[in-house]
Amino acid sequence: MKITLFLLALLLSLATPSPADTIYQMNTQGREVVVQTGAIVVSEDSSFVVYKHFEQKDRRVEIVRLNKGSLPYSVRVASPDARRQIVEVWKRFGYKVTVTDLAGKTTRVFDAYLDFYPPGGRGSLLESIAPVTGFTVLLANGSADEVEFSKISQLQIQGDHVKMTLRSGQVEEGRLLMPTTQPVEVRFLGITDQYDPASQQVFDFSLPLAKIKEISFD
């Protein structure tokens, strides 16, 4: 149902004069076809178009690097108001949470996900490890459980130990498992109400899990 509602919201945005940025390609028959709409173009040169859009399958905003190849592409850049409008559509259909950090500060976050960095925030994103929208937990009975955000009502964090209250009412506790044997810092990312549509990033909220006390999921 949420995917259907997202498509409906996107179609409604297309009915406006400027449905965010739209990317076109000239096909081999010489006709211009739409490659992507509801996007925000980050950069463009002679070789690539780089844009961000909401990926329905992952329920988050993602960056796409489009190789222009031999067939010409063109971009219609929308107004700042139209870009803000499409960000509001994105915010409606990603995971919405309230994050409480160790100091007690709460932040409303949309299109939330996890990503992986070198320890201590040193260096750049570990691109070999894909972002995720769920936690893998080693339970007390020795089994591992992969729990998607969609199943969680509340998450409490103490170091690498988590306590999850699921939407079913079940409570699970255990140790977070990492997707690599190398040292890694897990960060909780997303966009806030202050997100700038022109940003080259797909987030403006980034906090290591180690600095988070609690996450409440809508």
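My aim in this report is to walk through the structure given alongside it, one point at a time. Keep in mind the model is a prediction, meaning the values are calculated, not measured. (Residues numbered from 1 in each chain as written. Predicted model: local features only at pLDDT ≥ 70, side-chain atom pairs only at ≥ 80, totals over all residues. Heavy atoms only, no water.)

## What about the pairing of strand S10 (residues 152-158)?
(1) Moving on: As defined by bridge partners, S10 adjoins strand S11 (residues 161-166) across 6 bridges and the pair is classed as antiparallel. Within S11, the position partnered with Ile152 by the bridge is Leu166.
(2) Moving on: With antiparallel pairing between neighbouring strands as the criterion, S10 and S11 make up a hairpin whose turn holds 2 residues, including Gly159 at a positive phi of roughly 65°.
(3) Moving on: When S10 meets strand S15 (residues 212-217), the two strands line up antiparallel, connected through 3 bridges. Each bridged residue has a counterpart across the sheet, and for Gln154 the counterpart in S15 is Ser216. (Pairing = 2+ DSSP bridges. Helix = DSSP H or I, 4+ residues; strand = E, 2+ residues; numbered from the N terminus.)

## Overview of the sheet that holds strand S13 (residues 185-191)
(1) Moving on: In spatial order, the strands read S9-S8-S12-S11-S10-S15-S6-S7-S13-S14; together these 10 strands make up an open sheet with antiparallel pairing. The sheet terminates laterally at strand S9 (144-148) and strand S14 (205-208), the two strands that pair on one side only. Between one strand axis and the next, the sheet turns through 35° on average, direction left out of account.
(2) Moving on: Strands strand S7 (106-117) and S13 of the sheet are contacted by helix H2 (residues 80-93), whose axis makes an angle of about 80° with S7. (Axes fitted to C-alpha atoms, helices over the stretch in contact; angles between N-to-C directions. Contact = heavy atoms within 4.5 Å.)

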